[in-house]
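Remarks on the overall topology
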Amino acid sequence: MSMFNKYFIDYRVFVTLLIMSTEKNIVTRMAPSPTGRFHVGGIRTAFYNYAFARKHGGKFILRIEDTDKERNQKEYEDEIYEVFKWVGMDYDEVYRQSEHLERHQEILRNLIDNGNAYEAEGAKDGSGNVIRFKNPNKEITFSDEILGDITVDTTDLGDFVIARNNQSPLYHLAVVVDDYDEGVTHVIRAQEHVANTPRQILLHEALGFTTPTYAHVPFILGPDGKKKLSKRDTNVAALDYKEQGYLPEALLNFLAFIGWNPGTEQELFSKDELVNAFNLEQVQKGPGGYNLEKLAWLNKQWLNKRTEQEFRAYIDPLFNELRDTPIYREEVMEKITPLIRERTEVLADVQTMITEGELDYYFVDPEINTEKVIWKKGTKEDTISHLEKVSEMIGSYSEDWNKEDLKSHIFPYADELGRGDVLWPLRYSLSGRDKSPDPFTLLEVLGKDTSLRRITSTINELRKNTG
Ligand code: GLU
């Protein structure tokens, strides 16, 4: 190997290592406050942080900002962990901000000792003294990865409050110290924090900390397309979506695409595909819409990827009550599962089928309204005769009939004597409803005995009714 080659290889290794080491340094964090239910918008912000860190081989931190003792609740904190677990956002480190109180107090003392902060009156009369930051009153420009350059004259911010007293540092100070101590390189957070950023940069500078890169994510619009999405519009608590049977893949896919688009035709993205495709450059500046129909569609696409067995497990809890009754038949349930699946976008659709009685006739003989049996201008006599003929045909079948067999037999007859006149009474006798799957599907699911019993009973009803 010549000297040149040796150096050439070393040079390439060096560059690769350099790139790897700078990428490794990327550290992002999600810093939710457990003062309310974790919001779907929080999943999106967290996911952008997660994806950015994972894509660049960096580190993703979850920091619970639990310093507001009056408003914190343990259940909200637990909900955060549950949501992260549900959607599969694993974090490399987890902190609770309250654990760092001593460190925050130490920094606060330093600021006071160095003349960068001082004790002064609070905003409200009689509320006692607070600690204020001595604002250098300068212009600050930061380059937001999403919004571009932002320049603010901090004079307008005055000497803002950074602690309630010398023992109780407040949000701005705590965030700045934690981000620095945890080595956070990129602060990706909701746009409502843009206004906080100049204050935080002033603190970083006063403390001699390197300022992280900021990326402020646009907010999510409610259905009116004007206001921010709120709980007055729809469910916004992330776990509500879990309870309603949305798949985590679908929700993540949906949320990631609000205000971000990789610019391809592909719409279905797994978590890993999202991570690979994600970049901050393609996050839009303006707010993104929240389209629940899109979510339902995505849910259906992700449901389609589940096996028959998984789908069955997904809907099974809704059938707990029915399963305990004598009318329940497992073989029927097995047969109708694919039919239910075809009609299901979200679990609520299955609940609707149950509460609307759309599945009842699979388990119990329906009540027959004799007026509805007859097709349009058909007569009672013809209807009876068609039903008798069909009974005869299906009576000659063995029990292991299938839909296609039945169809090839019955359909030619219906074609000849009038499709509606033959198939409507047949379908109606089997289901007792204006809407149901086609009669061949019903015959297959119900089986020979049940089908014949229902048809015979309809014929008898028609005969009784001599009007
Ligand atoms: N704890 C803040 C919040 O929940 C977030 C702070 C930040 O991301 O800098 O809104």
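What counts as what
- Residues numbered from 1 in each chain as written.
- Predicted model: local features only at pLDDT ≥ 70, side-chain atom pairs only at ≥ 80, totals over all residues.
- Heavy atoms only, no water.
- Near = heavy atom within 4 Å.
- Polar contact = N/O pair within 3.5 Å; in protein donor to acceptor, adjacent residues only side chain to side chain.
- Areas by Shrake-Rupley, 256 points an atom, 1.4 Å probe, with all protein chains shown as cover.
- Nonpolar A, V, L, I, M, F, W, Y, C, P; charged D, E, K, R; others polar.
- Salt bridge = Lys/Arg side-chain N within 4 Å of Asp/Glu carboxyl O.
- Helix = DSSP H or I, 4+ residues; strand = E, 2+ residues; numbered from the N terminus.
- Buried < 20%, exposed > 50% of the residue type's maximum accessible area, 1.4 Å probe, protein only.
- Axes fitted to C-alpha atoms, helices over the stretch in contact; angles between N-to-C directions.
- Parallel < 35°, antiparallel > 145°, perpendicular 65-115°, else oblique.
- Contact = heavy atoms within 4.5 Å.
- Pairing = 2+ DSSP bridges.
- Right-handed = clockwise from strand over helix to strand, strands pointing away.
- Core = buried A, V, L, I, M, F, W, Y, C linked by side-chain atoms within 4.5 Å.

Thoughts on the site of the ligand
Taken together, the residues surrounding the ligand are Arg29, Ala31, Pro32, Ser33, Glu65, Tyr171, Arg189 and His193. Between Tyr171 and the ligand, the recorded distance is 3.2 Å, taken from a side-chain N or O atom to an oxygen atom. Within the complex, 82% of the 300 Å² of free accessible area of the ligand lies under protein. Tallied by class, residues from the shell around the ligand come to 3 nonpolar, 2 polar and 3 charged.

Some remarks on the pattern of salt bridges
Per the stated rule, a full pass over the model turns up 32 salt bridges. Measuring nitrogen to oxygen at the nearest pair gives 3.7 Å for the salt bridge that ties Asp178 to Arg63. Pair noted here: Asp178 is in helix H5 (residues 171–181) and Arg63 is in strand S2 (residues 59–64), with a separation of 115 residues, a long-range link. The buried category is assigned to Asp178, whose relative accessible area is 0%.

A short note on the packing of helix H13 (residues 330–342) against helix H19 (residues 439–464)
In a pair of packed helices, the angle between the axes and the distance between the axes together describe the arrangement. Packing of H13 against H19 leaves a shortest axis separation of 8 Å and a crossing angle of 150°. With respect to H19, the axis of H13 lies roughly antiparallel. Between H13 and H19, the residues in contact are Val332, Lys335, Ile336 and Leu339 and Thr441, Glu444 and Val445, respectively. Broken down by class, the residue content of the contact of H13 with H19 amounts to 4 nonpolar, 1 polar and 2 charged.

Things to note about the side chain of Thr450
Its location among the elements puts Thr450 in helix H19. Thr450 sits in the buried class, given a relative accessible area of 9%. If we ignore the near neighbours within four places in the chain, the residues touching Thr450 are Arg329 and Asp365.

So, the pairing of strand S10 (residues 213–217)
Counted residue by residue, S10 has 4 buried out of 5 residues, so it is predominantly covered. Examined bridge by bridge, strand S9 (residues 186–190) and S10 share 5 bridges and lie parallel to one another. Counted as the bridge partner of Val187 is Tyr214 from S10. Crossover S9 to S10 through helix H6 (residues 197–207) is right-handed.

Observations concerning the nonpolar core
Generally speaking, nonpolar side chains in soluble globular proteins are found buried as a group. Of all hydrophobic cores here, the largest spans 99 residues; its most connected members are Ile43, Phe47, Ile340 and Tyr362. Take this core: its biggest share by element is 9 residues, from helix H2 (residues 40–55). Those residues in contact with Tyr362, other than ones at most four positions away along the chain, are Val332, Ile336, Leu339, Pro437, Leu442, Val445 and Leu446.

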